[in-house]
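Here is how the chains run, residue by residue.
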Amino acid sequence: VQLVESGGGLVQPGGSLRLSCAASGFTFSRYAMRWYRQAPGKEREWVATITNTGGNTSYGGSVKGRFTISRDNAKNTVYLQMNSLKPEDTAVYYCNVNLRVDYWGQGTQVTVSS
């Protein structure tokens, strides 16, 4: 199983970023996918989940209404569109899949600062 995140970077408050997570090593279309984040000195925080078909999504309270999770099963990729970014969104963002065991990518850094 391999999860590779990309798309992070430095953005000003109010800006947008789109993260991607390319998955391999398992049947992507059969599993829900999740995004988490971890800010310095804080515990890892769940951000969003999307079901295997993409038909249902859910979000953590701090990002609801600003972030959108989506997936392309033909490309084995899950996305996180982040709008109206705030400094408190600064964190390393990870994608995750649970195949009875949790698998994680290496993470991508998102920094929101003026």
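For the structure, see preceding data.
Described below are features of the structure shown in this document. On a predicted model such as this, the values are computed, not experimentally measured, just so you know. (Residues numbered from 1 in each chain as written. Predicted model: local features only at pLDDT ≥ 70, side-chain atom pairs only at ≥ 80, totals over all residues. Heavy atoms only, no water.)

**So, the state of the cysteines**
In total, this model carries one disulfide according to the counting rule given. Linked covalently through their sulfurs, C21 and C95 form a disulfide whose S-S length is 1.9 Å. Linking C21 and C95, the disulfide has an S-S dihedral of approximately 45° and is accordingly described as right-handed. Pair noted here: C21 is in strand β3 (residues 17-24) and C95 is in strand β9 (residues 91-98), with a separation of 74 residues, a long-range link. Relative accessible area serves as the criterion here: at 0%, C21 is assigned to the buried category. (Disulfide = S-S within 2.5 Å. Helix = DSSP H or I, 4+ residues; strand = E, 2+ residues; numbered from the N terminus. Buried < 20%, exposed > 50% of the residue type's maximum accessible area, 1.4 Å probe, protein only.)

**Here's the deal with the nonpolar core**
Within the largest apolar cluster, 29 residues are counted, with the highest numbers of intra-cluster contacts made by W35, V78, L80, M82 and Y93. Listing elements by their share of this core, those giving two or more residues are β3, β4 (33-38), β5 (45-50), β7 (67-72), β8 (77-82), β9 and β11 (108-112). Beyond its immediate sequence surroundings of up to four residues, V78 is in contact with L19, S20, C21, F28, M33, W35, I50, I69, S70, R71 and C95. (Core = buried A, V, L, I, M, F, W, Y, C linked by side-chain atoms within 4.5 Å. Contact = heavy atoms within 4.5 Å.)

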